[in-house]
Amino acid sequence: MRFSFHLLLVVCLIIIPHAVFAEPVISPEPALPSLTRGQEVVVHGKEFPPPDEKGGYQVILNSGKPEERIMLPAKRVDANAFSFTLPNTNDQLPAGRYLVSVRMAGKEYQVPGDLRVLPDSLAPVHLDAIYPLTAYPSGKPGNDFDISGQNLAAVPQDNRLIVVDRGPVSVGDAKECDEMKRTGHFTKTCLFVEPGMETRKVHVVNFPHGRYDGPIHIQLQVGSNLSNALPLTFSRVSQAAALTTALLVFVVIMAIVVLLVSRGIGRHTIGTRQFSPWTAFFLDKETNTYSLSKFQLLLWTSVFVFSYLYLFLCRALIQWKLGLPPVPQNLPTMLAISAGATVISAGVTETRGSKGSGPVYPSAADFVSTGGLVVGERFQFFVWTLVGTFQFLTMMLMTDPATLSELPDIPANFLYLMGISSAGYLAGKVIRKPGPVIRNLTVVAVTQASASNPATMTMLLKGENLSENGTIIVDEKMLEQTSYAITGKKPHPQAPDPSFNNEIEIVLKDAEAYLGGSHTLTLTNRDGQVAAIGFPNNAPVIESVSDLAHGESPVELTVKGKNFSGVITGTWKDPGENSLAIGADQVNRKSQTELAVSIVPGPAGTGSLTLVSQVGLAASKQVTVS
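Residues numbered from 1 in each chain as written. Predicted model: local features only at pLDDT ≥ 70, side-chain atom pairs only at ≥ 80, totals over all residues. Heavy atoms only, no water.

Moving on: the packing of helix α5 (residues 331-352) against helix α7 (residues 412-431). Look at α5 against α7: their axes get within 10 Å of each other, and the N-to-C directions meet at 5°. The angle between the axes of α5 and α7 places the two elements in the roughly parallel class. Across the interface between the two elements, T333, M334, I337, A341, I344, S345, V348, T349 and R352 of α5 pack against F414, L415, M418, G419, S422, Y425, L426, K429, V430 and I431 of α7. Here the contact of α5 with α7 is built from residues that sort into 12 nonpolar, five polar and two charged. (Axes fitted to C-alpha atoms, helices over the stretch in contact; angles between N-to-C directions. Helix = DSSP H or I, 4+ residues; strand = E, 2+ residues; numbered from the N terminus. Parallel < 35°, antiparallel > 145°, perpendicular 65-115°, else oblique. Contact = heavy atoms within 4.5 Å. Nonpolar A, V, L, I, M, F, W, Y, C, P; charged D, E, K, R; others polar.)

By definition, a disulfide links the sulfur atoms of two cysteines through a covalent bond. Taken as a whole and judged by the stated rule, the model has one disulfide. The partner cysteine of C177 in its disulfide is C190, sulfur to sulfur 2.2 Å. Classification of the bridge connecting C177 and C190 rests on its S-S torsion, roughly -95°, and on that basis the disulfide is left-handed. Of this pair, C177 sits in helix α2 (residues 174-183) while C190 sits in strand β14 (residues 190-192), placing them 13 residues apart in sequence. Considered together, C177 and C190 belong to a single accessibility category, that of buried residues. (Disulfide = S-S within 2.5 Å. Buried < 20%, exposed > 50% of the residue type's maximum accessible area, 1.4 Å probe, protein only.)

It is worth spelling out a nonpolar patch on the surface at this point. A cluster of nonpolar side chains, namely V249, I253 and V257, defines an oily patch on the protein surface of about 170 Å² accessible area. Structurally, V257 is set in helix α3 (residues 239-264). Among the residues examined, V257 registers a relative accessible area of 32% and is labelled partly exposed. (Patch = residues over 30% accessible without salt bridge, like charges linked within 9 Å, V, L, I, M, F, W, Y side chains within 5 Å. Areas by Shrake-Rupley, 256 points an atom, 1.4 Å probe, with all protein chains shown as cover. Salt bridge = Lys/Arg side-chain N within 4 Å of Asp/Glu carboxyl O.)

Moving on: the sheet that holds strand β35 (residues 569-573). Strand order in the open sheet formed by four strands is β36-β35-β39-β40, and the pairing between neighbours is antiparallel. Two strands bound the open sheet, and with one partner strand each, they are β36 (579-582) and β40 (618-625). Each adjacent strand pair in this sheet contributes to an overall mean axis angle of 20°, direction not counted. Across five bridges, β35 lies against strand β39 (residues 605-612) in antiparallel orientation. Each residue of the ladder has a partner; that of K573, found in β39, is S608. (Pairing = 2+ DSSP bridges.)

Next up on the list: the nonpolar core. If you look at the biggest cluster of nonpolar residues, it comprises 43 residues, and the most contacted ones within it are L292, F304, Y310, M334 and I410. Only α3, α4 (292-318), α5, α6 (376-397) and α7 provide two or more residues apiece to this core. No other element matches α4, which puts 12 residues into this core. Residue contacts for I410: discarding those within four places in its chain leaves F304, N330, L331, M334, F392 and L415. Listed in part, the 27 residues of the second largest apolar core include L441, A455, M457 and L479. (Core = buried A, V, L, I, M, F, W, Y, C linked by side-chain atoms within 4.5 Å.)

Counted under the stated rule, the structure contains 21 aromatic pairs. Here a set of aromatic residues connected by ring pairs shows up, and it is made of W278, F281, F282, Y290, F295, F367 and F382. Of note, K181 hangs over the ring of F192, and the distance from its end group to the ring centre comes to 5.0 Å. Above the plane of the ring of W320 lies R236, whose end atom (NZ or CZ) is 3.5 Å from the centre. (Phe/Tyr/Trp six-rings, centres within 6.5 Å; stacked < 30°, edge-to-face > 60°. Lys NZ or Arg CZ within 6 Å of the ring centre and 35° of its normal.)

With that settled, the discussion passes to the environment of N159. Secondary-structure assignment places N159 in strand β12 (residues 159-163). Along the sequence, N159 and N88 sit 71 residues apart, while their C-alpha atoms lie 9.6 Å from each other. The residues contacting N159, other than those within four sequence positions of it, are L152, A153, L191, V202, L220, Q221 and V222.

Two numbers describe how α4 lies on α6: the axes approach to 10 Å, and their chain directions differ by 5°. Regarding the angle of α4 to α6, the classification is roughly parallel. Between α4 and α6, the residues in contact are L292, F295, Q296, L299, W300, V303, F304, F306, S307 and Y310 and R378, F381, F382, T385, L386, G388, T389, F392, L393, M396 and L397, respectively.

For the rest of this paragraph, the subject is the confidence of the model for the protein. When pLDDT is averaged across the protein, the result is 85; 95% of the residues are at 70 or more. With pLDDT under 50 throughout, residues 9-21 is counted as low confidence; its partners more than four residues away or in other chains account for two contacts. (pLDDT = per-residue confidence, 0-100.)

In this section: α7. In an α-helix, one turn spans 3.6 residues; hence positions three or four apart end up facing the same way. Helix length check: α7, at 20 residues, gives a terminal C-alpha distance of 28 Å against a target of 28 Å (1.5 Å per residue), a fit within 8%. Restricting attention to buried positions, one finds in α7 the residues F414, L415, M418, S421, S422, Y425, L426, G428 and K429. Buried residues of α7 fall within an arc of 155° about the axis and therefore sit on the same side. Those residues of α7 that are exposed and aimed more than 90 degrees away from the buried face are N413, Y416, I420 and I431. Those residues of α7 that are buried lie in contact with α4, α5 and α6. (Expected span 1.5 Å × (residues − 1). Arc of directions from axis to C-beta.)

A few words on the pattern of salt bridges. Throughout the structure, instances matching the rule amount to 10 salt bridges. In this structure, the salt-bridge partner of D114 is R97, at a minimum N-O distance of 3.3 Å. In this pair, D114 is assigned in strand β8 (residues 107-118) and R97 in strand β7 (residues 96-104), connecting sequence segments 17 residues apart. A residue is classified by how much of its surface remains accessible, and R97, at 52% relative accessible area, is exposed. Among the salt bridges present, the one from K201 reaches D146, with a minimum N-O distance of 4.0 Å.

Here we take up the sheet that holds strand β32 (residues 530-535). Read from one edge of the open sheet, four strands run β28-β27-β31-β32, paired in antiparallel fashion. The open sheet has two edge strands, β28 (477-478) and β32, and neither has a second partner. Where strand β27 (residues 471-474) and strand β31 (residues 519-524) come together, four bridges link them in antiparallel fashion. When the sheet's bridge partners are listed, I473 is paired in β31 with T522.

Dropping the structure here:
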């Protein structure tokens, strides 16, 4: 037992002093490097003690001459490494070889090997890039950007930031910048170096862009080494502001054009609808349909105008380049193809005739159809126009406004495709027969139904390419050939089809259902092209009547509406179901839109007023008798 106790005591006396008083060991690996001034040196080893009250670490550089001993502060990284930074200037640290020792915990230890300090000429400071090249307004007092290069100072504040021709930029010291980074509120320009990127990258925060708007050149100076200069541009506006401004200017220009058209042309009426002046840009008034050739010309022109405005604003407001932007080589050719298709299309229509007008009102379907039929060449031309303009805009808007120097170039092969598509569109207009176009429909006679015969309606249609061999559809119901008759009245001169007329007469042999209300008549030529129109266009329309008090004496009823022309008669069915004829002498026409009708109101209740035009077309309206 006593032997064990003595053995344990001996072990403790041997081990404890070594554990507590272990000496630092400096490793010879890796060897001290050859460096330039301003760079950081890391020394590896083990058992490095923490700084104590006697002071921190201190490195001594010895060139062999006592008077040239250089004292530098060092810091303990951890128990296995410490580091120090070489001075920046030649006065503080001349180039040459140095022995290195470190003082820690009151003792001095030699670092194996020697340190070679290279002259600045062997490691010049070189800047490779600044990112981003263009700094946009960020909403903060300053901008942030990165500078990458070679042989930059490892300590951020040892990099001197210089604006060419304007001088150095004042930056905060390490303590100030660390505090501002912690709070996120920067009042000074600060430089930071990310761990692992020493001597290769510097991050600049809160650079005062207000003082340096426009293009400038940046340099870094490390010690006596001055780097090359790299450009940096501070934009007047953000990317979104440039795009928004271009859109606003484009909209203003388009609004001015639409206003001029509105004042000079006005609205266009088709049937019972009025169309805005905007439709005048696309509308073909020969057929009351939207024109594909006009659409593609206006779309390409609008895209080019907007793009040119956007390019100009990017160059002027972001890149600080004044002057008209260049025009891509193939852009005039693209406009020539687009305008040429429109002009030639108008010429073909003049010589061959119009396409079929299709439904009563124009719609987007007109771009890919003719006379109500979808045709391949129009579909191809329309789709390629959309694809081309979409790609052009996408390429332009996806380019950084800071580097957008010209509009996207249009490849030659795309020009060939657009040319072929235009040629196919025009060839289709040349080869295909012109379609029917109804410009006017007039009901010229109505025969009222009798005990032995149904009511009939005779209509005169005026327009182009109206086939006397066509078929008739009324309100989407195809009529049997025995229920109507078509007679050519004015043959089309030099028509591609001998059955085409400029005027035809249609007789509906059972027209009782069409004497009142609004209906649609569709004429279909033999090739399937159609034209539609509402009828009867000249029937009287009652929109409103004046108040009426009951009584057995004649009173004047004011009737407002339209198409009050010719001799008008009618019928009054009072609330007591008494039907009274209204003669022409009882109707006083004040205008085409107002009548004064003399009737006997009868008892209180609801009566019915029916007006009949000279040709037999009728309109009815319920009247409240109070």
